[in-house]
Amino acid sequence: QVQLVESGGGLVQPGGSLTLSCAASGRIFKINAMGWYRQAPGKQRELVAARTSGGSTNYAYSVKGRFTISRDNAKNTVYLQMNSLKPEDTAVYFCNADLTAITRGTYWGQGTQVTVSS
């Protein structure tokens, strides 16, 4: 059974930094892409950043230049380095993976809260 386990959320002041981690475990044959989504109260879940197995990245316009997504393929782990955080970055952040286990599918982590407030 595939699991995505996130860590690294918390409370940070505006202008601060946080790094989120997401480790995929289980009988994984191939990871095609991993990424991060977020959902703020009363809003739809939105893509924050994604990275394919080939290294291509995609960022939401609102986080470009502030957030960086990276992967450690050997550890099946994706990271999200978040700098210059703003109150509007406050949300639950979800890890997402497009991977092949027994079959190809999309998997989600349980979510980690990020709160940016003074």
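Fair warning: this is a prediction, and the values are worked out from it, not measured in the lab.

Undergrad: I'm lost on the overall build of the protein in this one. Help?
TA: Helix and strand counts for the protein come out as 0 helices and 11 strands. For the protein, whose C-alpha radius of gyration is 14 Å, the value lies close to the compact-globule estimate of 13 Å for 118 residues. Taking the principal axes of its C-alpha atoms as reference, the protein extends roughly 45 × 25 × 25 Å. Residue burial in the protein is summarised as follows: out of 118 residues, 42% are buried. Taking contacts inside the protein between residues at least 6 apart in sequence as the whole, the part at least 24 apart equals 54%. When the accessible surface of the protein is summed, it comes to about 6,500 Å², and 48% of that surface belongs to carbon and sulfur atoms. Taking the average place of the 12 positive charges on the side chains of the protein and the average place of its 6 negative ones, the gap between the two points comes to 5 Å.

Undergrad: For this particular structure, what's the right way to read the state of the cysteines?
TA: Note: disulfide means a covalent bond formed between the sulfur atoms of two cysteine side chains. This structure, assessed with the given rule, holds 1 disulfide. The disulfide bridge from Cys22 ends at Cys95, spanning 2.0 Å between sulfur atoms. With the S-S dihedral at roughly -80 degrees, the linkage between Cys22 and Cys95 falls on the left-handed side. Placement of the pair is Cys22 in strand β3 (residues 18-25) and Cys95 in strand β9 (residues 91-100), with a sequence separation of 73 residues. Overall, Cys22 belongs to the buried group, its relative accessible area being 0%.

Undergrad: Would you mind going over the pattern of salt bridges with me for this structure?
TA: Pairing between side chains becomes possible if they bear opposite charge and their charged atoms approach one another. Per the counting criterion, the structure on display carries 4 salt bridges. Across the pair Glu46 and Arg38 runs a salt bridge, and its minimum N-O distance is 2.7 Å. Between Arg38 and Asp89 there is a salt bridge, with its nearest N and O atoms 3.0 Å apart. With Arg38 in strand β4 (residues 30-39) and Asp89 in the loop between β8 (77-82) and β9, this residue pair connects regions lying 51 residues apart in the sequence. Accessibility expressed as a relative area gives 6% for Arg38, which makes it buried. Connected via shared salt-bridge partners are Arg38, Glu46, Arg66 and Asp89.

Undergrad: How should I be thinking about the nonpolar core in this particular structure?
TA: Taken as a class, soluble globular proteins show a tendency for nonpolar side chains to be buried jointly. The biggest cluster of nonpolar side chains holds 30 residues, and the ones touching the most others in it are Met34, Trp36, Val48, Phe67, Leu80, Met82 and Tyr93. Secondary-structure elements contributing two or more residues to this core are β3, β4, β5 (46-52), β7 (67-72), β8, β9 and β11 (112-116). Sequence-distant contacts of Met34, defined by excluding residues within four places in its chain, comprise Leu4, Cys22, Ala24, Ala50, Arg51, Ile69, Arg71, Asn76, Val78, Cys95, Asn96 and Ala97.

Rules used in this analysis
- Residues numbered from 1 in each chain as written.
- Predicted model: local features only at pLDDT ≥ 70, side-chain atom pairs only at ≥ 80, totals over all residues.
- Heavy atoms only, no water.
- Helix = DSSP H or I, 4+ residues; strand = E, 2+ residues; numbered from the N terminus.
- Rg over C-alpha atoms; globule rule 2.2 N^0.38 Å.
- Buried < 20%, exposed > 50% of the residue type's maximum accessible area, 1.4 Å probe, protein only.
- Contact = heavy atoms within 4.5 Å.
- Areas by Shrake-Rupley, 256 points an atom, 1.4 Å probe, with all protein chains shown as cover.
- Lys, Arg positive; Asp, Glu negative; His and termini not counted.
- Charge placed at Lys NZ, Arg CZ, Asp CG, Glu CD.
- Disulfide = S-S within 2.5 Å.
- Salt bridge = Lys/Arg side-chain N within 4 Å of Asp/Glu carboxyl O.
- Core = buried A, V, L, I, M, F, W, Y, C linked by side-chain atoms within 4.5 Å.

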